[in-house]
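Residues per chain are reported as follows:
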Protein chains: 2
Amino acid sequence: MKLLKNRIIKDGIVLNDSVLKVDRFLNHQIDPQLMMEIGREFAYRFSSKPITKILTIESSGIAPALMTGWALNVPVVFARKRKSLTMNNVYQSTVFSYTKQETNTLIVSKSLMNKNEHWLLIDDFLANGQAAQALIDIVQQSGGFIEGIGIVIEKTFQPGGKQLREKGIHVESLAMIKSLENGTIIFDE
Amino acid sequence: MKLLKNRIIKDGIVLNDSVLKVDRFLNHQIDPQLMMEIGREFAYRFSSKPITKILTIESSGIAPALMTGWALNVPVVFARKRKSLTMNNVYQSTVFSYTKQETNTLIVSKSLMNKNEHWLLIDDFLANGQAAQALIDIVQQSGGFIEGIGIVIEKTFQPGGKQLREKGIHVESLAMIKSLENGTIIFDE
């Protein structure tokens, strides 16, 4: 997606060989017009699938997921990393975040996940695939179907995307980065 | 906002005299079409203000803030509750959440808050006003101006809204609830 790649080149900051900081348009400050284009692109790429709901993770997945949900006209559920006082009866799965160096438990209320729901998973980044695996685990617990995974930025030099595709899952990444070495962003065309 | 009130009546769950659970359309599962109408309504209500950026709080503020940012064509910044490894040089303020019974520190990167920015604050709920006060504190630290506060659901039986209005702040709430007693939602017309 050319618009997104141009924005990554303009505003992305390479922190080291594996971390790209995109807090000017995606995961701290958000560009709503760009998110709308991202939502429309995911809706187009998954238009042949019978998607009934979207699942993402708080907080950085919410913006792209919301716009995709708007474009597909389906509800968006975000997995919470902490249980609030008003949550009980939940599905959960654990995930290790390399960026934050911590283990989170992802939690979704069972009442929001009907059996036989057709899910599109959306997330901001795909690297080692830990978060995606946890979302897949939660959908499987609920008896739902995975129709695909939409990723805003995939780091193809890390194994998550390859592992998911080898399982036969339809993964669409709007920007694929094959290297961040020497402070330079190189896209995987 | 009639659409929102109807949805609260249909899907809101009164947990006790002070807590309304709206996890079917606002803060766990999100209805994107409703959020778009909420964003358009906030944009209309604050259309006379020279807003240059929106500030909200992860996670439940992101959806209404994003749609408002889309309608006003301005960026959205969400305050984080936890510092990620890629954040340094931040403004911060503390807030006590009655729902979660914990104190959070709200954090925003200084690089996203220019001096003289004109801010619209957006949040899902207004009750005691703790979160709003923390956002105001952060904007004031940055040297920006508060143009107004947009709230999806205000509980007018708690003092936050009154205190903010007494300070001369323009507060717009799309649904105002004056009582949740005996399991019944009564709106403040």
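Throughout what follows, the structure given in this document is the object of discussion.

Rules of the game
- Residues numbered from 1 in each chain as written.
- Chains lettered and ligands numbered in written order.
- Predicted model: local features only at pLDDT ≥ 70, side-chain atom pairs only at ≥ 80, totals over all residues.
- Heavy atoms only, no water.
- Pairing = 2+ DSSP bridges.
- Helix = DSSP H or I, 4+ residues; strand = E, 2+ residues; numbered from the N terminus.
- Contact = heavy atoms within 4.5 Å.
- Axes fitted to C-alpha atoms, helices over the stretch in contact; angles between N-to-C directions.
- Parallel < 35°, antiparallel > 145°, perpendicular 65-115°, else oblique.
- Left-handed = near helix turned anticlockwise from the far one by under 90°.
- Least-squares fit on C-alpha atoms with pLDDT ≥ 70 in both.
- Buried < 20%, exposed > 50% of the residue type's maximum accessible area, 1.4 Å probe, protein only.
- Buried area = accessible area lost by both parts, 1.4 Å probe.
- Salt bridge = Lys/Arg side-chain N within 4 Å of Asp/Glu carboxyl O.
- Nonpolar A, V, L, I, M, F, W, Y, C, P; charged D, E, K, R; others polar.

What holds strands together in a sheet is hydrogen bonding between their backbones, with the strands either parallel or antiparallel. Strand order in the open sheet formed by 7 strands is E11(A)-E10(A)-E9(A)-E8(A)-E4(A)-E5(A)-E3(B), with mixed pairing between adjacent strands. Only two strands of the sheet have a single partner each, and these edge strands are strand E11 (186–187) of chain A together with strand E3 (29–30) of chain B. Sheet strands in contact with helix H2 (residues 32–45) of chain A are strand E8 (118–126), strand E9 (145–155) and strand E10 (171–179) of chain A, and its direction is about 115° off that of E10(A).

Residues and elements named next belong to chain A. Their axes nearest at 7 Å, the elements H2 and helix H3 (residues 62–72) cross at an angle of 55°. Our classification of the angle between H2 and H3 gives oblique. Two packed elements cross with a definite hand, and for H2 against H3 that hand is right-handed. In this structure, H2 uses Pro32, Met35, Met36, Ile38, Gly39, Arg40, Phe42 and Ala43 to contact H3, whose residues at the interface are Ala63, Pro64, Met67, Thr68, Trp70, Ala71 and Leu72.

You can overlay chain B on chain A at an RMSD of 0.0 Å; the transform is a turn of 180° with a shift of 0.0 Å along its axis. These values place the two chain copies in the arrangement generated by a two-fold rotation axis. Every residue of chain B has its C-alpha some distance from the rotation axis, and the shortest such distance is that of Ser59(B), at 2.7 Å. When the interface residues of chain B are mapped onto chain A, 100% of them again lie at the interface, so the same face is used by both copies.

Further remarks concern helix H3 (residues 62–72) of chain B. Residues and elements named next belong to chain B. Buried residues dominate H3, accounting for 8 of its 11 residues. What H3 keeps buried is the set Ile62, Ala63, Pro64, Ala65, Leu66, Met67, Thr68 and Gly69. Following H3 by one or two positions, Asn73 has its phi on the positive side, about 60°.

Right, let's talk about the interface of chain B and chain A for a bit. With 47 residues of chain B in contact, the opposing surface of chain A contributes 47 residues. Where chain B abuts chain A, roughly 4,100 Å² becomes buried across the two surfaces, and 57% of that area is made up of carbon and sulfur atoms. Broken down residue by residue, the surface that chain B buries against chain A is led by His28(B), Leu66(B) and Arg82(B), which jointly contribute 18%. At the boundary of chain B and chain A, one finds 0 salt bridges. For the side of chain B that touches chain A, the elements supplying multiple residues, two or more each, are E3, helix H2 (32–45), H3, strand E5 (76–79) and strand E7 (102–109) of chain B. Per-element accounting of the side of chain B that touches chain A gives the leading share, 6 residues, to H3(B). Its residues assigned to classes, the side of chain B that touches chain A shows 22 nonpolar, 15 polar and 10 charged. One ladder, built from 2 bridges, connects strand E5 (residues 76–79) of chain A with E3(B); its direction is antiparallel.

Geometry only, nothing functional implied.
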